[in-house]
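A look at the structure
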Amino acid sequence: MPSLAALQAGQVHVWHGDLSRLSALAQNWLCEEETLRAARFGMAAARFQFVTGRRLLRGVLGHYLNREPASLGFVTGPHGKPALSGEGVESGLQFNLSHSGGAIALALAWQSPVGIDVEAWRSLARLDGLARRCLAPSERRELDGLDDDAATRAFFRFWVRKEALGKATGEGVTLGLQHCVSSLEGPPRWLGIPSRLGDVGGWSLAEFPVRDGFAGAVTVHAANARFYWGGMGFDGENLEFENLISLLYATPDCVLGNAAADSSRYPSR
């Protein structure tokens, strides 16, 4: 099983799963505030995503902290980012959760703000306008000459990177998306970030393979971070974890690089 002892400084663990497969998580782990919040969702699908996401978050954090999931407490930042409260703060465990179109992913880091985002690709009727509002000039140039499908996929790859950075800082889109600059050429890296976030080299960025039709990115406030990736499922009503695989780099098709060489170093336990 994963644990805090397995999460070293400068590392990020990313766990992913399918919300429909994780719905078997039936334990009543939600606190009163979470239960009331879930009841306010008007759409059943949104309520299901929230409840399953929170139960999963509690289950994974419980493994890392060796705590009962229901005993964990959370606080919410000014822009809605949750963080551990009470005894959980002392652990230094940082986390972020994202879900879209049935896919869910959770990133964990030790004492370093981390953000993650997954998005299902979909047709964008006003892609040019969105690109002008959200992308830097250099990023927009990378979309030039692409057909509609390729341009949409490229836009979402940029979008999840920016969203991940906004979630890591807790500022969301107020961070200033046009000032969060990267390139789709070469390994994922930040070329520019808002000056208040410090040196651009102090942040690491990675893409990860969600599944066909999705884009995913994770970023952490740590230089030269190492990213590890694994799947989650269920054995009965218990969470089941795959072995973590080293995500050494990502290509435009989100291919794992030299993953097998490092996978044996970080088995689930």
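From a predicted model like this one, the values you see are computed outputs, not experimental measurements.

Glancing now at the pairing of strand 9 (residues 204-207). Alternating residues of strand 9 divide into S204 and A206 and L205 and E207, and every residue in both groups is buried. In this structure, strand 9 lies alongside strand 10 (residues 214-220), joined through 4 bridges in antiparallel fashion. Residue E207 lies in a different strand from strand 10, and its bridge partner there is A217. Count of turn residues in the strand 9/strand 10 antiparallel hairpin: 6 residues, of which G213 carries a positive phi of about 90 degrees.

In this section: the sheet that holds strand 10. As summarised here, the arrangement of the 3 strands in space is 6-10-9, forming an open sheet in which the pairing is antiparallel. Each end of this open sheet is capped by a strand with a single partner; those strands are strand 6 (114-120) and strand 9. Averaged over neighbouring strand pairs, the angle between their axes works out to 15 degrees when direction is ignored. As defined by bridge partners, strand 6 adjoins strand 10 across 7 bridges and the pair is classed as antiparallel. Across the sheet, residue I116 finds its bridge partner in strand 10, namely V218. Those strands touched by helix 7 (residues 148-169) are strand 6, strand 9 and strand 10, and its axis lies near 145 degrees from that of strand 6.

Our focus in this paragraph is the pattern of salt bridges. Considering all chains together, one arrives at 10 salt bridges under this definition. Note that D18 and R211 form a salt bridge whose closest N and O atoms lie 3.7 Å from each other. Of the two residues, D18 sits in strand 1 (residues 11-18) while R211 sits in the loop between strand 9 and strand 10, which places them 193 residues apart along the sequence. The exposure class assigned to R211 is partly exposed, which follows from its relative accessible area of 37%. As a salt-bridge pair, R196 and E171 come within 2.8 Å of each other at their nearest N and O atoms. Residue R196 is found in the loop between strand 8 (190-192) and strand 9, and its partner E171 is found in the loop between helix 7 and strand 7 (181-182); the two are separated by 25 residues along the sequence. We classify R196 as exposed; its relative accessible area is 52%. Salt bridges here are not isolated pairs; linked through shared partners, they connect E34, R54 and R58.

Counting all residues, the mean pLDDT for the chain is 87, and 89% of those residues have values of 70 or more. Taken together, the stretch residues 250-269 has pLDDT below 50 and engages in 47 contacts with residues farther than four places along the chain or on a different chain.

A word on unusual backbone geometry. Backbone geometry at N66 places phi at a positive 55 degrees, although glycine is not the residue there. By secondary structure assignment, the location of N66 is in the loop between helix 3 (44-65) and strand 2 (73-76). Backbone geometry at Q111 places phi at a positive 60 degrees, although glycine is not the residue there. Residue placement: Q111 occurs in the loop between strand 5 (103-110) and strand 6.

To continue, consider the pairing of strand 1. Summarising burial for strand 1: 6 of the 8 residues are buried, a large majority. Two strands pair when backbone bridges link them, and strand 1 and strand 11 (residues 226-235) are joined in this way by 6 bridges, in the parallel orientation. For H16, the partnering residue across the bridge sits in strand 11 and is G231. Bridging between strand 1 and strand 5 involves 7 bridges; their strand directions are antiparallel.

What follows deals with the packing of aromatic side chains. As enumerated under the stated definition, the model contains 6 aromatic pairs in all. Between F155 and W159, the aromatic rings sit 6.2 Å apart at their centres with planes inclined by 20 degrees, giving stacked as the arrangement. With F155 and W159 both in helix 7, this residue pair falls 4 residues apart, about one helical turn. Taking the ring centre of F74 as reference, the NZ or CZ of R54 above it sits at 5.5 Å.

It is at 9 Å that the axes of helix 2 (residues 32-39) and helix 3 come closest, and there the two elements cross at 160 degrees. With respect to helix 3, the element helix 2 is oriented roughly antiparallel. In this structure, the crossing between helix 2 and helix 3 has a hand that is right-handed. For the pair formed by helix 2 and helix 3, the contact residues are E34, R37 and A38 on the first element and R47, F50, V51, R54 and R58 on the second.

This part takes up the side chain of E139. Inspection of the secondary structure assignment puts E139 in helix 6 (residues 137-143). Overall, the relative accessible area of 0% leaves E139 in the buried class. Here the side chain of E139 touches A136 through a polar contact of 2.9 Å, landing on its backbone nitrogen. There is a polar contact of 2.9 Å between the side chain of E139 and the backbone nitrogen of S182. Beyond its immediate stretch of four places on either side in the chain, E139 contacts F158, K162, C180, V181 and S182.

Calculation criteria
- Residues numbered from 1 in each chain as written.
- Predicted model: local features only at pLDDT ≥ 70, side-chain atom pairs only at ≥ 80, totals over all residues.
- Heavy atoms only, no water.
- Buried < 20%, exposed > 50% of the residue type's maximum accessible area, 1.4 Å probe, protein only.
- Helix = DSSP H or I, 4+ residues; strand = E, 2+ residues; numbered from the N terminus.
- Pairing = 2+ DSSP bridges.
- Axes fitted to C-alpha atoms, helices over the stretch in contact; angles between N-to-C directions.
- Contact = heavy atoms within 4.5 Å.
- Salt bridge = Lys/Arg side-chain N within 4 Å of Asp/Glu carboxyl O.
- pLDDT = per-residue confidence, 0-100.
- Phe/Tyr/Trp six-rings, centres within 6.5 Å; stacked < 30°, edge-to-face > 60°.
- Lys NZ or Arg CZ within 6 Å of the ring centre and 35° of its normal.
- Parallel < 35°, antiparallel > 145°, perpendicular 65-115°, else oblique.
- Left-handed = near helix turned anticlockwise from the far one by under 90°.
- Polar contact = N/O pair within 3.5 Å; in protein donor to acceptor, adjacent residues only side chain to side chain.

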